[in-house]
2 protein chains.
Amino acid sequence: MTALANGWVKRVSITPPSLEDNTADADRLERALMAILKTEMVDIALPVLVNLPELLRKGNYNLRCVLFKDHKKWCLSGISSDDTDRLTGLAVDLGTTTVVLRLLDLSTGLVLAESSFINPQISIGPDILTRLHFAEKEKGLYELNRLIIEGLNRAIAELCKSCKISPSGIYLISVAGNTAMTHLFLGLNPRWIIREPYIPVTNRPGCISARELGITVNKSAGVFIFPNTGSYFGGDLLAGILYSGLNRDEKTAILVDVGTNAEVVLGNKNWLVACAGAAGPALEGGVTKMGMMAGPGVIDRVYTDPETGLFSVSTIEGLPPRGICGSGVIDLAAVLFLSGIIDIRGKFVPGACKGRLKEKDGLKHFVLVPANESAEGNDLSISQADIDSLMRSKAAMYTILETIASYVGISLSELSTFYVAGTFGSLINPRSAITIGMMPDLPEGTYKSIGNSSLEGAAMILKDCGLMDEIDAIRNSITYIELNVNQDFMNRFSAARFLPHTNLSLFPSVSSDGPVKS
Amino acid sequence: MTALANGWVKRVSITPPSLEDNTADADRLERALMAILKTEMVDIALPVLVNLPELLRKGNYNLRCVLFKDHKKWCLSGISSDDTDRLTGLAVDLGTTTVVLRLLDLSTGLVLAESSFINPQISIGPDILTRLHFAEKEKGLYELNRLIIEGLNRAIAELCKSCKISPSGIYLISVAGNTAMTHLFLGLNPRWIIREPYIPVTNRPGCISARELGITVNKSAGVFIFPNTGSYFGGDLLAGILYSGLNRDEKTAILVDVGTNAEVVLGNKNWLVACAGAAGPALEGGVTKMGMMAGPGVIDRVYTDPETGLFSVSTIEGLPPRGICGSGVIDLAAVLFLSGIIDIRGKFVPGACKGRLKEKDGLKHFVLVPANESAEGNDLSISQADIDSLMRSKAAMYTILETIASYVGISLSELSTFYVAGTFGSLINPRSAITIGMMPDLPEGTYKSIGNSSLEGAAMILKDCGLMDEIDAIRNSITYIELNVNQDFMNRFSAARFLPHTNLSLFPSVSSDGPVKS
């Protein structure tokens, strides 16, 4: 693997000192780095100073230097006189539910290992709001901070062990998380994030010493925390924009992180507009009784068998079905609609259900997998209430998209690319999402699933020192709009509460597909 | 006491946030500070961020901020929403033998308390060289660092207790010490300071977090360490220049720190030239058997009683004499010379000794205080060898002064002011120093004793944020010259080994005073 063209590791060679030039070691090195980096100041961490004189002489005045920079200044985080030393960096996607780590070689960009762990703060509460309220109790913030830092330290130790490097070989860490998680990670009081006018402690935490945060990596390692734009647009999304390249393209595109809270950025190289809004848990499979997170035996696809014309499901790892995840629910709704089992209002059409409709607890249920075919011997079914909930969520999602597009005066049909971010997003079948009118009727090639874009953005920054300024530029160019639930919004929402939409001309491909043409 | 005009404490009032302006707390504060300080970046320490949201609201968006700056950047070290809080700073003279502390109020500049303690590293070795060698042993540097940091922490705790403030009320520390002591204080390897080509680890340590150094004051306190100019011109001298004002004057003046190692700076507002050289311990009373550091019962003045024409001594606190300190030895030599007891070569003239000359261990001794008048019942005397040693030291001192003056092409007689720094320096009687030809024959008003100029300089920086740039300017304008012991130097040295000097025209006031006119 060749060295990164514009990485954080710089090879520096300095003139040995003499009686004529007896400038101190640190000052010589700083002088050399300032010339290479074309900057006026380089901060040298104290632990680096401690090792500097010996390594400088050992390396015969040649060193590899690990640098870092936030919006304020360049810092020297590590030095090595031995070319066989592995200088590594750690990218962290600091999720509310799951924390994902990626260890990479800072010289080559090579990925060394990846791992993830459940955010231990889940023991306090699965959702962020519960945690934020807990943070207001005595020692609450301390406890939440301790949980995440200790969890991270354990995960770092294991990850390093798995590829036989020492945690002290980690010199840089980049962390992308939402504003609330970032606050808990830094031990900052999140109290005013959730109270009008919704003020974070900081928008740009910048680069902080790992030691100060209690993270057990190299003593002089720096931790870059992605900035946020206010309380509801966090560093995870900013990392996602960086990864998608939305901000570098002439053409206008959109980036959507689909979830309970839908986060949306629309823009191009000249401007970026963002908003976020509650879509409800239905999109993540969070309402139906059979809903669960993606995992072995979970239904992730529902389709009509082209030969039999019957419903088929596929499960993760091909195991007997035990539940359904969000992408499966969206597929299911699309299939139900296309086969006429639900009508344009999302209501069951009993005559079309071919004996699969059952009454349970006073509610109509459509049985997707009968008990004898399921993993745990019970019917896997979706109720009318589940579908109603999904209708509201998909309508909210589409309304958010329409609102942001109308805010900037463009039509959704003009989008060059529709980036779908997040693990959940990456599983969605765009065709199904279009069929139910959750996403706009764009040519399928327009949709691009970009996976864990927060982690990818965090990893990108470890490989290219030119991107720091880009992050600042992204942050500065975002206009965050508050979604006001006004009459306009409600009108759009009402119109979107049909399959696929009241205005069929918005969904020509669906009209030509299914029952709606009749 | 009124507030300091240009102190580090700034009163900041910011607009409360609103839905229209929901910038984070830290970013609002930074914005306000950047405007006040006319700078592009202000670093906010993490512990300040932790307290920021609460204090900001408690103070109704009015805060007092303690700032600090090194040559690189402004840092916010502390905030307070309560005007009755005392925001304090600590100036430290980090001496090899004695460490002196001064606690002051950062808002008013008022001195709250002072104390000093013996540098605990003395347990390793009284002189710096022994310590530097010890630092090369395993754990040696760690131990030396631990000793000074723990000593400082104890002294801080006591000092704070004495004026009933908490150590957490200390937000800024400024430290002035020689290059070696600074390295031990920072835990930096001093190995290459004492080996050709004499390279410190750093010339400009700048501002380091107190917490990182293990100093128990406010968590976010910053420690500014005075820079050095190479291994032999330390931050203590730089602080001394700042205090003397040498660098601000049109006229050329000199600053001399007299001691075993004589440190000299010559210059004016346009240029500064510095050198240092060994003068030997004789000037500090370090050779004669009766020599000791200044203290109760120690002879600090020797003079001829104008009535009796006999020698008289004065002791510190007027107690019976038990020894003599450096300034007493210089007085004694002057009196012996003026009364003809020693000749121009510094040799005893037996006929002039009036029975005070005794033979002991094969050496001639002049008895200054007979046994029955001394505190401990023994003669206090000075031997021919002691005087020979003093002759060499005073000659070395004068030669250093002549050499530096000749380097810049001026005569010592042109000096507008002769600053004498250091506790020892402040005790020297300039008239005696002139008489023995240790210092040039300038009008007595030219001599100014400035005491512990290192501590004073360190305290100055805590009271005026404009001085940081001045420190950098001083450092950058110093030309340090190595004293080469070449033929020129030796010629000057030989000429200076007479009382007051071979060239009597250099000392007209002495020629008219004493026996040399005959």
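Residues numbered from 1 in each chain as written. Chains lettered and ligands numbered in written order. Predicted model: local features only at pLDDT ≥ 70, side-chain atom pairs only at ≥ 80, totals over all residues. Heavy atoms only, no water.

Peer 1: For the overall build of chain A, give the residues involved together with the corresponding values.
Peer 2: Along the backbone of chain A there are 15 helices and 22 strands. In terms of principal-axis extent, the alpha carbons of chain A reach across some 95 × 50 × 50 Å. In chain A, 65% of the contacts between residues at least 6 apart in sequence involve partners at least 24 apart. In the form shown here, chain A has an accessible surface area of approximately 20300 Å², with 51% of it arising from carbon and sulfur atoms. Measuring between centres, the 47 positive side-chain charges of chain A sit 1 Å from its 54 negative side-chain charges. (Helix = DSSP H or I, 4+ residues; strand = E, 2+ residues; numbered from the N terminus. Contact = heavy atoms within 4.5 Å. Areas by Shrake-Rupley, 256 points an atom, 1.4 Å probe, with all protein chains shown as cover. Lys, Arg positive; Asp, Glu negative; His and termini not counted. Charge placed at Lys NZ, Arg CZ, Asp CG, Glu CD.)

Peer 1: Residue-level account of the confidence of the model for chain A, with values.
Peer 2: Overall, the prediction assigns chain A a mean pLDDT of 91, with 97% of residues at 70 or greater. The ipTM assigned to the predicted complex is 0.86, against a pTM of 0.90. (pLDDT = per-residue confidence, 0-100.)

Peer 1: Which residues make up the interface of chain A and chain B, and what are the values?
Peer 2: Tallying the contact residues gives 42 residues for chain A and 42 residues for chain B. Note on chain A versus chain B: buried area summed over both sides is about 3700 Å², and carbon and sulfur give 61% of it. For the pair chain A and chain B, the interface holds four salt bridges. The shortest N-O distance in the salt bridge between Lys73(B) and Asp43(A) comes to 3.3 Å. Connecting chain A to chain B are twelve residue pairs in polar contact (both at pLDDT 80 or more). Counting residues per element, the side of chain A that touches chain B draws most heavily on helix 2 (residues 46–58) of chain A, which supplies seven residues. When the residues that make up the side of chain A that touches chain B are grouped by side-chain class, the tally is 22 nonpolar, seven polar and 13 charged. (Buried area = accessible area lost by both parts, 1.4 Å probe. Salt bridge = Lys/Arg side-chain N within 4 Å of Asp/Glu carboxyl O. Polar contact = N/O pair within 3.5 Å; in protein donor to acceptor, adjacent residues only side chain to side chain. Nonpolar A, V, L, I, M, F, W, Y, C, P; charged D, E, K, R; others polar.)

Peer 1: Please set out the packing of helix 1 (residues 25–37) of chain A against helix 2 of chain A residue by residue, giving values where relevant.
Peer 2: All names here are of chain A. Between helix 1 and helix 2, the shortest axis-to-axis distance is 10 Å and the interhelical angle comes to 80°. Here helix 1 lies roughly perpendicular to helix 2, going by the angle between them. Taken together, the residues of helix 2 that come into contact with helix 1 (itself represented by Asp-25, Ala-26 and Leu-29) are Leu-49, Leu-52, Pro-53, Leu-56 and Arg-57. In terms of residue class, the contact of helix 1 with helix 2 is made up of six nonpolar, no polar and two charged. (Axes fitted to C-alpha atoms, helices over the stretch in contact; angles between N-to-C directions. Parallel < 35°, antiparallel > 145°, perpendicular 65-115°, else oblique.)

Peer 1: Before we move on, can you summarise the relation of the copies chain A and chain B with the specific residues and values?
Peer 2: Overlaying chain A on chain B yields an RMSD of 0.1 Å, the required transformation being a rotation through 180° with an accompanying axial translation of 0.0 Å. Such a combination of turn and shift is consistent with a two-fold rotation axis. Comparing interface residues between copies, 100% of those in chain A also sit at the interface in chain B, which points to an isologous, same-surface contact. (Least-squares fit on C-alpha atoms with pLDDT ≥ 70 in both.)

Peer 1: Quick one: what's the story with the sheet that holds strand 21 (residues 447–451) of chain B, residue by residue and with numbers?
Peer 2: Residues and elements named next belong to chain B. Taken in spatial order, the six strands of this open sheet run 21-20-11-12-13-22, and their pairing is mixed. The sheet is open, and its two borders are formed by strand 21 and strand 22 (478–480), each paired with just one other strand. Across the sheet, the mean angle separating the axes of adjacent strands is 20° when strand polarity is ignored. Two elements, strand 12 (residues 261–267) and strand 13 (residues 272–278), share seven bridges in a ladder whose sense is antiparallel. When the bridges of strand 13 are listed, Leu-266 appears paired with Val-273. Relative to the sheet, helix 7 (residues 235–244) contacts strand 11 (253–257), strand 12, strand 13, strand 20 (418–421), strand 21 and strand 22, its axis offset from that of strand 11 by approximately 140°. (Pairing = 2+ DSSP bridges.)

Peer 1: Please set out the sheet that holds strand 8 (residues 170–177) of chain B residue by residue, giving values where relevant.
Peer 2: Residues and elements named next belong to chain B. Across the sheet, six strands lie side by side as 7-6-5-8-10-9; this open sheet has mixed pairing. The open sheet has two free edges, formed respectively by strand 7 (111–118) and strand 9 (206–209), since each of these has just one partner strand. In this sheet, adjacent strand axes meet at a mean angle of 20° when their direction is disregarded. Looking at chain direction, strand 6 (residues 98–105) and strand 7 are connected through seven bridges and run antiparallel. Across the sheet, Val-99 pairs through a bridge with Phe-117, a residue of strand 7.

Peer 1: I'd like to hear about unusual backbone geometry, residue by residue, with values.
Peer 2: Residue and element names in this part refer to chain A. At the junction of Glu-196 and Pro-197, the peptide bond is cis and its omega measures out at 0° in the coordinates. The backbone of Asp-361 shows a phi angle near 50°, a positive value even though the residue is not glycine. Looking at the secondary structure, you find Asp-361 in the loop between strand 17 (357–360) and strand 18 (363–369).

Peer 1: Got a sec to walk through the packing of aromatic side chains? Specific residues and values, please.
Peer 2: Per the stated rule, a full pass over the model turns up 18 aromatic pairs over all chains. For the ring pair Phe68(B) and Phe224(B), a centre distance of 6.3 Å and an interplane angle of 85° mean the geometry is edge-to-face. In this pair, Phe68(B) sits in strand 3 (residues 62–69) while Phe224(B) sits in strand 10 (residues 222–225), placing the two residues 156 residues apart along the sequence. Overall, Phe68(B) belongs to the buried group, its relative accessible area being 0%. In textbook terms, an aromatic cluster arises when at least three aromatic residues are bridged by ring pairs, as seen for Trp8(A), Phe68(A), Trp74(A), Phe224(A) and Phe226(A). (Phe/Tyr/Trp six-rings, centres within 6.5 Å; stacked < 30°, edge-to-face > 60°. Buried < 20%, exposed > 50% of the residue type's maximum accessible area, 1.4 Å probe, protein only.)

Peer 1: Run through helix 12 (residues 453–461) of chain B, naming residues and quoting values.
Peer 2: Burial analysis of helix 12 of chain B places eight of its nine residues in the buried class, the great majority of the element. Of the residues making up helix 12 of chain B, those classed as buried are Ser453(B), Ser454(B), Leu455(B), Gly457(B), Ala458(B), Ala459(B), Met460(B) and Ile461(B).

Peer 1: I'd love a proper account of the pattern of salt bridges, names of residues and values included.
Peer 2: Here the structure, examined in full by the defined rule, presents 44 salt bridges over all chains. Asp21(B) is paired through a salt bridge with Arg31(B); the nearest N and O atoms lie 3.4 Å apart. Residue Asp21(B) is found in the loop between strand 1 (9–13) and helix 1 (25–37), and its partner Arg31(B) is found in helix 1; the two are separated by ten residues along the sequence. According to the relative accessible area criterion, Asp21(B) is partly exposed, its value standing at 25%. For Arg31(B), a relative accessible area of 43% puts it in the partly exposed group. The salt bridge partner of Arg57(B) is Asp25(B), with a shortest N-O separation of 2.9 Å. Residue Arg57(B) is located in helix 2 (residues 46–58), and its partner Asp25(B) is located in helix 1; the two are separated by 32 residues in the primary sequence. Linked by salt bridges that have partners in common, Arg11(A), Arg64(A) and Asp83(A) make up one network.

Peer 1: An account of the pairing of strand 20 (residues 418–421) of chain A is needed here, citing residue identities and associated values.
Peer 2: Residues and elements named next belong to chain A. Taking every second residue as pointing to the same face, both faces of strand 20 are buried, with Phe-418 and Val-420 on one and Tyr-419 and Ala-421 on the other. Here strand 11 (residues 253–257) pairs with strand 20 via four bridges, running parallel. Bridge assignment links Ile-254 to a residue of strand 20, and that residue is Phe-418. Bridge count for strand 20 against strand 21 (residues 447–451) is four bridges, and the pairing is parallel. Each residue of the ladder has a partner; that of Val-420, found in strand 21, is Ser-449.

Peer 1: Explain the environment of Pro17(B) to me, using residue names and the numbers behind them.
Peer 2: Within the secondary structure layout, Pro17(B) lies in the loop between strand 1 and helix 1. Judged by relative accessible area, which is 14%, Pro17(B) ranks as buried. The sequence separation of Pro17(B) and Ile199(B) amounts to 182 residues, and the corresponding C-alpha distance is 51 Å. Excluding its chain neighbours within four sequence positions, the residues that come into contact with Pro17(B) are Pro197(A), Ile199(A), Arg28(B) and Tyr61(B).

Peer 1: Give a description of the packing of helix 9 (residues 384–408) of chain B against helix 14 (residues 487–495) of chain B that names residues and reports values.
Peer 2: Packed helix pairs are characterised by how far apart their axes lie and by the angle those axes make with each other. Residues and elements named next belong to chain B. The N-to-C vectors of helix 9 and helix 14 enclose an angle of 130°; their axes lie 8 Å apart at closest approach. Taken together, the axes of helix 9 and helix 14 are oblique relative to one another. Considering only the axes of helix 9 and helix 14, their crossing is right-handed. Residues Arg-392, Ala-395, Ala-396, Thr-399, Glu-402, Thr-403 and Ser-406 of helix 9 pack against Phe-489, Arg-492 and Phe-493 of helix 14. (Left-handed = near helix turned anticlockwise from the far one by under 90°.)

Peer 1: Describe in detail the side chain of Thr399(B), supporting the description with residues and values.
Peer 2: Mapped onto the fold, Thr399(B) is located in helix 9. Apart from residues no more than four positions distant in its own chain, Thr399(B) is found in contact with Phe489(B), Arg492(B), Phe493(B) and Ala496(B).

Peer 1: Account for the side chain of Ser312(A), with residues named and values stated.
Peer 2: Counting through the fold element by element, Ser312(A) comes out in strand 15 (residues 311–315). Beyond its immediate chain neighbours, meaning those up to four positions away, Ser312(A) contacts Arg301(A), Val302(A), Tyr303(A) and Asp305(A).

Peer 1: Explain the state of the cysteines residue by residue, including any values.
Peer 2: Cysteine pairs can be linked by a disulfide, which is a covalent bond between their two sulfur atoms. All names here are of chain B. Per the counting criterion, the structure on display carries zero disulfides over all chains. Of all cysteine sulfurs in the structure, the one in Cys-465 sits closest to Cys-65, which takes part in no disulfide; the separation is 13 Å. Residue class for Cys-465 comes out buried when judged on its relative accessible area of 8%. (Disulfide = S-S within 2.5 Å.)

Peer 1: Provide a residue-level description of the environment of Val408(A), including the pertinent values.
Peer 2: Residue and element names in this part refer to chain A. Tracing the chain through its elements places Val-408 in helix 9 (residues 384–408). Classification of Val-408 as partly exposed rests on a relative accessible area of 24%. Val-408 sits 135 residues away from Val-273 along the chain, and the two C-alpha atoms are 8.0 Å apart. Aside from chain neighbours lying at most four places away, what touches Val-408 is Leu-266, Trp-271 and Val-273.

Peer 1: Which residues make up the environment of Asp82(B), and what values go with them?
Peer 2: All names here are of chain B. Examined against the element boundaries, Asp-82 turns out to sit in the loop between strand 4 (74–80) and strand 5 (88–94). Using a relative accessible area of 33% as the deciding quantity, one classes Asp-82 as partly exposed. Taking the C-alpha atoms as reference points, Asp-82 and Arg-64, 18 residues apart in sequence, are found 8.1 Å from one another. One polar contact links Asp-82 to Thr-84, side chain to side chain, over a distance of 2.8 Å.

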